[in-house]
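# Commentary on secondary and tertiary structure
Now for the letters of each chain:
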Amino acid sequence: MEPTVSVVLVVRNGDAYIAEALRSVLSGPVVPNEVIVIDGQSADDTIAIASTFPNVTVHAQRSRGVAGAYNEGIQHASGMFIAFISHDDIWTENKLALQLTYLQQHPEAMGCVAHIQHFLAEGAEIPASFRASLLDESVVGYVPEALLVRREIFARVGLLDESYAAAEDTEWFARARDAGCMIGLLPETLLLKRVHGANTSLAGERLNKHLLMALRGSIARKRNTEGTSPA
């Protein structure tokens, strides 16, 4: 059976970047079967632009926040594999092909991530909460936008926790790890992540608070597991 791939793109007022994001998803040697755009009540030309691309469907977001948007996309997805992208990010041309090949060659893996390279948007200043050295190096990307997963992982791990206003991805990856799900890491840089003043993932104090919550949750799960282990 040929693998089918769904891509979930989340956006709100993203008409400046969404066309570039969609082109990067649709221009590689492996083209996804569907791209699901979850739109958070955009007041600009986001929907009109997205609707010009093939195999793209736009759904109005019913939940709140980034976690809710990704969850809605997962629920709409019909593919055997699911990938993600933000409206202001760019996939490299070979991202989907390399990750799909990896998962086909490693059936024990439930997903895989890759390295990411941050870059500063034209005309933007480096946000105060952003570590500027990240612009000079490629780093491991444990973020949804660098991830390709088998859809069944969500039955095992669950969806993203919508109570998190930030670090919802960190909390989900921690749950996946604690559940024993293997997430492979590719050495290539497959995601370009744009840095600008409106990045929701760069909210310093709020992000730190939710990172601590994710850490505490992982510790609690491990303690509960140890407490129920046979003597």
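Throughout, a residue's number is its position along its own chain's written sequence, starting from 1. Note on the predicted model: pLDDT of at least 70 is required for a residue's local features to be given, and 80 or more for side-chain atom pairs to be given and counted; whole-chain, interface and lining totals, by contrast, use all residues. Each side-chain value is worked out from all heavy atoms of the structure, with water and hydrogens disregarded.

### Here's the deal with the overall build of the protein
- Helix and strand definitions here come from DSSP, where helices need a minimum of 4 consecutive H or I residues and strands a minimum of 2 consecutive E residues; each element is numbered from the N-terminal end. Along the backbone of the protein there are 7 helices and 9 strands.
- Note on definitions: a residue-residue contact is assigned when non-hydrogen atoms from the two residues lie within 4.5 Å. Residue pairs at least 24 apart in sequence account for 76% of intrachain contacts in the protein once pairs closer than 6 positions are excluded.
- Counting every atom, the protein has about 11,400 Å² of accessible surface; 52% of that belongs to carbon and sulfur. Only the protein chains shown count as covering a residue, and every accessible area follows the Shrake-Rupley method with a 1.4 Å probe.

### Remarks on the confidence of the model for the protein
- Per-chain confidence: the protein averages 89 in pLDDT, with 85% of residues scoring 70 or above.
- When the criterion is pLDDT under 50, residues 202–215 qualifies, and its contacts beyond four places in sequence or with other chains add up to 24 contacts. For every residue, the pLDDT score states the predictor's confidence, bounded by 0 at the bottom and 100 at the top.

### Details of unusual backbone geometry
- Here the phi dihedral of Asn55 falls at roughly 60 degrees; this positive angle occurs in a residue that is not glycine.
- With respect to the helices and strands, Asn55 occurs in the loop between α2 (46–50) and β3 (56–60).
- Working definition: with a 1.4 Å probe on protein chains only, accessible area under 20% of the residue-type maximum means buried, over 50% means exposed, and in between means partly exposed. Using a relative accessible area of 47% as the deciding quantity, one classes Asn55 as partly exposed.
- A positive phi is found at Ala167, a non-glycine position, where the angle reads about 65 degrees.

### Regarding a nonpolar patch on the surface
- Patches were defined on residues exceeding 30% relative accessible area and lacking a salt bridge, with like-charge contacts within 9 Å and nonpolar side-chain contacts (Val, Leu, Ile, Met, Phe, Trp, Tyr) within 5 Å. In the sections that follow, a salt bridge refers to a side-chain nitrogen of Lys or Arg positioned within 4 Å of a carboxyl oxygen of Asp or Glu. Taken together, the side chains of Val140, Tyr142 and Leu185 define a hydrophobic patch exposed on the protein surface, amounting to about 240 Å² of accessible area.
- If you trace the backbone, Tyr142 turns up in the loop between β7 (138–140) and β8 (148–150).
- Taking relative accessible area as the criterion, Tyr142 reaches 39% and is therefore assigned partly exposed.

### Things to note about the environment of Ile74
- Topologically, Ile74 is positioned in helix α3 (residues 65–76).
- Residue Ile74 is classed as buried on the basis of its relative accessible area of 5%.
- Sequence-wise, Ile74 and Leu160 are 86 residues apart; in three dimensions their C-alpha atoms are separated by 10.0 Å.

### Let's talk about helix α4 (residues 95–105)
- Of the positions making up α4, those classed as buried are Lys95, Leu96, Ala97, Gln99, Leu100, Tyr102 and Leu103.
- In the core, the buried residues of α4 are packed alongside β1 (5–11), β4 (81–86), β5 (89–91), β6 (111–120), β8 and β9 (183–195).

### A word on the pairing of β1
- Counting buried positions along β1 yields 7 of 7 residues, so the element is predominantly enclosed.
- Residues Val5, Val7, Leu9 and Val11 line one face of β1 and the alternating positions Ser6, Val8 and Val10 line the opposite face, and both faces are buried.
- Two elements, β1 and β4, share 6 bridges in a ladder whose sense is parallel. When the bridges of β4 are listed, Leu9 appears paired with Ile85.
- Where β1 and strand β2 (residues 34–39) come together, 6 bridges link them in parallel fashion. Strand pairing is assigned whenever DSSP detects at least two bridges linking the two strands.

### Notes on the pattern of salt bridges
- Enumeration over the complete set of coordinates arrives at 6 salt bridges.
- Between Arg131 and Glu137 there is a salt bridge whose closest N-O contact spans 3.8 Å.
- Measuring nitrogen to oxygen at the nearest pair gives 3.6 Å for the salt bridge that ties Lys193 to Glu145. With Lys193 in strand β9 and Glu145 in the loop between β7 and β8, this pair connects stretches of sequence that are 48 residues apart.
- Note on Lys193: relative accessible area 13%, which makes it buried.

### Points about the pairing of β6
- The element β6 is extensively covered by neighbouring structure, given that 8 of its 10 residues are classed as buried.
- Pairing of β6 with β8, which is carried by 2 bridges, proceeds in the antiparallel orientation. Bridge pairing in β8 places Cys112 opposite Leu148.
- When β6 meets β7, the two strands line up antiparallel, connected through 3 bridges. Paired with Ile116 across the two strands is Val139, which belongs to β7.

### Let's talk about helix α6 (residues 168–178)
- For α6, the buried fraction is high: 8 of the 11 residues fall into the buried class.
- Of the residues making up α6, those classed as buried are Glu168, Asp169, Glu171, Trp172, Phe173, Ala174, Arg175 and Ala176.
- Just past α6, the residue Gly180 takes up positive phi, approximately 80 degrees.

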